[in-house]
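# Overview (structure and organization)
These are the residues of each chain, in order.
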Amino acid sequence: MEFSLSATQAAVQQLARKFADERVAPLSREMDEQGAMPLALISDMAAVGLLGGPLPAEHGGGAWDKVSAALCYEELGRVDSSVRGFMTVHSSLVAQCIQQWGSVEQRRQYLPMLISAESIGCYCLTEPNAGSDAASMEATAVPDGAGYRLNGEKIWITNGGIAQLAIVFASTDRTLRHKGVGAFLVPTNAPGFVRRKMPGRELGHRAADHAHIRLENIYVPVDSMLGGPGEGFRVAMSALDHGRLGVAAGAVGVAQACLDASVAFARERRQFGQRVGDFQMIQAALADMAADVEAARQLTLRAAWMQDQGLKSTRATSIAKLFAVEAAVRAANEAVLLHGGRGYTNEYPVERYLRDIKGLQIYEGTAHIQRIVIARDLLGKDTVP
Ligand code: CAA
């Protein structure tokens, strides 16, 4: 068993850490207040090689392994969940999905543009009546000549308002449930692709772009299908194996940020004539947080390593997402409490960590769904008819 990072993995970690600290951190509070991320930041992520990091060199990517990608997501998540979320959707849910399922032509056409940020990607699965129960989707793909007509409604689509390319999941036969789902590569300037901002103001991830999308009789040629007919649900689920690893790593970053902020505060803040960190109740909270961070990181890196080895990793990835996010929820709750009144304002970043982490508990499969995935893998299918 080897716990140290390779030189390449350590270099990716350093690159992402530098970008997060120097380029993202100074903007985080302002982005959170303004509810938007500058497009220049996305171009910069591409320019330093982050967006294409997890993709193959033949298309201009960095050919990182999954461990490196997880280290990158942890560093970005430590500083800003909106920026980490942008990259997880763009690079993992969309680009890696095209890498895995796309034809040679589709890979050649789309991957270089996604790597350079000429094109931003979004992943359109969730619908008003199909959130956790993704296979019950109502969007349809009806054959029409040499293609399909897409109709339906998608919600909570991260990057949806700024994307040039969407992976859209729609059913060619709703009676077949998951076996009737197709995945389609759809340019967002296609006639009938109608998008607007999600209504309301989000609790966290306020700099992220969340769109409501209507598919109004969009025509797509048959060669825009990703994977084969009826394979769309597998395409969606396997993409979530990539995406959920990114979310788990992002949660490790949030938990680490809570620990760093809490240690700094416990050293500096004095009450009753001593540092608050000298009280045993505070020490216990910090020690529990540190243990949680380490456990979450090891589970996440192990899931990444399993993906690198080509091992079946769905259960390990769900365990990592479940544990890391719950650990970060505990850490964020404690961090706000430990900061007292200061933690309750955006003068300190811990209130943002608490608001953001609730999103990770919900998207790319809620904590309940992760438990279902894990339990099904433990129990197997009921073989009694
Ligand atoms: N990889 C490949 N195939 C998989 C798979 C995986 N990880 N997981 C399941 N499958 C396959 C199964 O093998 C099965 O195929 P067969 O019938 O050929 O054997 C098929 O998919 C159906 O599997 P299930 O019977 O388990 O399907 P289900 O309908 O019971 O649902 C579920 C399972 C786990 C609950 C799934 O619906 C799920 O993950 N739901 C949560 C959806 C989700 O995460 N949504 C968030 C979307 S992204 C987002 O939040 C917004 C954004 O912008 C990023």
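What counts, and at which threshold
Residues numbered from 1 in each chain as written. Predicted model: local features only at pLDDT ≥ 70, side-chain atom pairs only at ≥ 80, totals over all residues. Heavy atoms only, no water. Domains from an automatic or database assignment. Contact = heavy atoms within 4.5 Å. Buried area = accessible area lost by both parts, 1.4 Å probe. Core = buried A, V, L, I, M, F, W, Y, C linked by side-chain atoms within 4.5 Å. Buried < 20%, exposed > 50% of the residue type's maximum accessible area, 1.4 Å probe, protein only. Helix = DSSP H or I, 4+ residues; strand = E, 2+ residues; numbered from the N terminus. Near = heavy atom within 4 Å. Polar contact = N/O pair within 3.5 Å; in protein donor to acceptor, adjacent residues only side chain to side chain. Areas by Shrake-Rupley, 256 points an atom, 1.4 Å probe, with all protein chains shown as cover. Nonpolar A, V, L, I, M, F, W, Y, C, P; charged D, E, K, R; others polar.

### Things to note about the domain arrangement of the chain
One can read the domain layout of the chain as domain 1 (7-120), domain 2 (122-230) and domain 3 (234-379). Look at where the C-alpha atoms of domain 2 and domain 3 centre, and you get two points 30 Å apart. Counting residues at the interface gives 12 residues for domain 2, matched by 13 residues for domain 3. Summing the contributions of domain 2 and of domain 3, the shared interface buries around 890 Å²; its carbon and sulfur component is 69%. The largest share of the area that domain 2 buries against domain 3 comes from Tyr123, Leu203 and His205, three residues that together contribute 52% of it.

### Thoughts on the nonpolar core
Counting residues in hydrophobic clusters, the biggest one holds 83 residues, and the most contacted among them are Met45, Leu50, Met87, Leu150, Phe184, Val186 and Ile357. A per-element tally of this core places helix α6 (residues 232-268) first, with 12 residues. The contact partners of Phe184, leaving out residues within four places of it in the chain, are Ala141, Tyr148, Leu150, Ala166, Ile167, Val168, Ala170, Val220, Ser224, Met225 and Leu226. Counting 30 residues, the second largest nonpolar core, distinct from the first, contains Ala95, Leu114, Met137 and Leu185.

### Side note on the site of the ligand
Surrounding the ligand, one finds 29 residues, the nearest of these being Ser132, His178, Arg244, Gly365 and Arg376. Contacts to the ligand include Trp156, whose backbone N or O atom sits 3.4 Å from an oxygen atom. One of the side-chain nitrogen or oxygen atoms of His178 is found 2.7 Å away from an oxygen atom of the ligand. Surface burial for the ligand is 75%, taken as the share of its 1,100 Å² of free accessible area covered by protein chains. Among the secondary structure elements, those contributing two or more residues to the shell around the ligand are α4 (81-101), β3 (147-158), α6 and α10 (367-379). Counting residues per element, the shell around the ligand draws most heavily on α6, which supplies 7 residues. Broken down by class, the residue content of the shell around the ligand amounts to 14 nonpolar, 8 polar and 7 charged.

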